[in-house]
Amino acid sequence: MSIVVTGASGKLGRHVVEQLLEKVPAEQVTAVVRSPEKVAGLAERGVRVAVADYNAPETFDGLFAAGDRVLLVSGNEFDKGRVRQHSVVIDAAKAAGVALLAYTSAPGSLTAALADDHRGTEQALLDSGVPYVLLRNGWYHENYTENLAPVLEHDAVVAAAGEGRVSSASRADYAAAAVTVLTGDGHENATYELGGDEAWSFAEYAAELSRQTGREIAYHPVTPEALTDILAGAGVPEPVAAVLAGVDAAIAKGELVVDSGDLSRLAGRPTTPLSEAVAAALKD
Ligand SMILES: NC(=O)c1ccc[n+]([C@@H]2O[C@H](COP(=O)([O-])OP(=O)(O)OC[C@H]3O[C@@H](n4cnc5c(N)ncnc54)[C@H](OP(=O)(O)O)[C@@H]3O)[C@@H](O)[C@H]2O)c1
């Protein structure tokens with residue numbers, strides 16, 4: 001029996017594997033990746049590295065074993081039919097008789113188009129009969145703090161979120177919740193609504209950036225249509241820009257405030273404050 005993490009070469013997957021290695025021996029961990037060279041260091045530390053692609057069902061043949069606990073990290077290829085991709089993993093997990101399949105989903109409150117693939121995958125997982133955990137991850141701090149260059153260039157936070165608030169948390173926080181589920185008992189068929197302990201507005205985010213940089217950074221609210229144009233003008237493919245603007249519109253409606261407390265409960269500690277993520281990003 002192994003704890004298997006897909007998307008292990010990604011930013012969230014790497015956090016999960018690192019935190020797993022603090023709790024279980026490396027030989028009990030399997031990292032599923034498309035490009036093994038991205039995780040060469042993990043293989044050297046004794047982690048089993050398996051090569052598979054959500055687009056190629058045959059690559060999952062024999063990858064899982066009965067009793068495995070699996071984390072399916074949602075993919076990022078929006079144009080390739082993510083529900084079909086994720087179903088490849090679910091089907092293979094079912095055929096093997098895994099003990100648990102946890103899926104990184106999106107908050108139940110999120111109605112934006114971005115959530116459609118997550119709802120479709122959740123349904124496929126429920127229909128499969130495999131013991132599941134829905135990790136309905138809220139927003140990452142890093143969605144913002146890893147994209148500070150244009151903010152610092154223009155001294156402006158531009159968003160279409162109005163006065164809406166977001167209860168984001170760091171990837172490391174969501175990883176900690178996943179590790180608790182993968183290594184603990186009693187999570188079968190649970191749905192967790194995961195978000196940071198404190199919600200913030202974009203005006204407050206701009207104020208925090210001002211405080212930490214010593215500059216005057218202001219929030220410039222725009223319409224979703226204007227944001228789509230700005231992102232497309234910056235080279236983001238138009239359909240993706242529209243999806244991202246749709247997320248901001250959802251934030252304006254309060255759909256990315258998750259106040260269940262599930263994340264800090266599963267992580268066993270308070271979630272990382274936004275100010276810490278800002279400080280870490282400004283140090284880089
Ligand atoms: N909650 C949020 O705020 C938020 C924000 C952004 C994304 N997300 C979702 O959360 C997921 C994890 O976040 P992240 O920051 O770790 O994203 P990331 O760094 O882009 O990682 C995505 C992972 O998925 C893997 N992947 C993509 N397509 C695949 C395929 N066809 N077959 C096998 N593996 C595939 C990637 O493999 P490669 O390394 O080979 O590309 C990578 O390991 C994202 O993929 C996305 O679905 C959530």
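Residues numbered from 1 in each chain as written. Predicted model: local features only at pLDDT ≥ 70, side-chain atom pairs only at ≥ 80, totals over all residues. Heavy atoms only, no water.

**Remarks on the site of the ligand**
No. 1: In the region of the ligand, 23 residues are neighbours, and S9, L12, R34, K38 and S74 sit closest.
No. 2: Backbone polar atom of G75 to an oxygen atom of the ligand: 2.8 Å apart, as the coordinates give it.
No. 3: A distance of 2.8 Å separates an oxygen atom of the ligand from a polar atom in the side chain of N76.
No. 4: Contact with the protein chains removes 84% of the 900 Å² of surface that the ligand exposes when unbound.
No. 5: In the shell around the ligand, the residues fall into six nonpolar, ten polar and seven charged. (Near = heavy atom within 4 Å. Polar contact = N/O pair within 3.5 Å; in protein donor to acceptor, adjacent residues only side chain to side chain. Areas by Shrake-Rupley, 256 points an atom, 1.4 Å probe, with all protein chains shown as cover. Nonpolar A, V, L, I, M, F, W, Y, C, P; charged D, E, K, R; others polar.)

**Observations regarding the UniProt feature "domain: NAD(P)-binding" (unreviewed entry) in the chain**
No. 1: In the numbering adopted here, UniProt assigns the feature "domain: NAD(P)-binding" (unreviewed entry) to residues 7-183.
No. 2: Between the C-alpha atoms that bound residues 7-183 there is a distance of 18 Å. The span itself is 38% helix and 18% strand. (UniProt positions renumbered as here; feature names shortened; annotations may be inferred. Helix = DSSP H or I, 4+ residues; strand = E, 2+ residues; numbered from the N terminus.)

**A few points about the sheet that holds strand 3 (residues 48-51)**
Two strands in a sheet stick together by hydrogen bonds in their backbones, pointing the same way (parallel) or opposite ways (antiparallel).
No. 1: The seven strands lie next to each other as 3-2-1-4-5-6-9, forming an open sheet whose pairing is parallel. One side of each edge strand has no neighbouring strand; the edge strands of this open sheet are strand 3 and strand 9 (190-194). Taking the axes of each pair of neighbouring strands and ignoring which way they run, one obtains an average angle of 20 degrees across the sheet.
No. 2: Here helix 1 (residues 11-21) sits on the sheet in contact with strand 1 (3-5), strand 2 (29-33), strand 4 (69-72), strand 5 (100-105) and strand 6 (132-137), set at roughly 160 degrees to strand 1.
No. 3: Those strands touched by helix 3 (residues 82-96) are strand 4 and strand 5, and its axis lies near 165 degrees from that of strand 5. (Pairing = 2+ DSSP bridges. Axes fitted to C-alpha atoms, helices over the stretch in contact; angles between N-to-C directions. Contact = heavy atoms within 4.5 Å.)

**Some words on the pairing of strand 2**
No. 1: Most of strand 2 is tucked away, with five of its five residues classed as buried.
No. 2: Looking at chain direction, strand 1 and strand 2 are connected through three bridges and run parallel. Following the sheet pairing, V5 is matched in strand 2 by A31.
No. 3: Handedness of the strand 1-helix 1-strand 2 crossover: right-handed.
No. 4: Two strands pair when backbone bridges link them, and strand 2 and strand 3 are joined in this way by four bridges, in the parallel orientation. Bridge pairing links T30 to R48 in strand 3. (Buried < 20%, exposed > 50% of the residue type's maximum accessible area, 1.4 Å probe, protein only. Right-handed = clockwise from strand over helix to strand, strands pointing away.)

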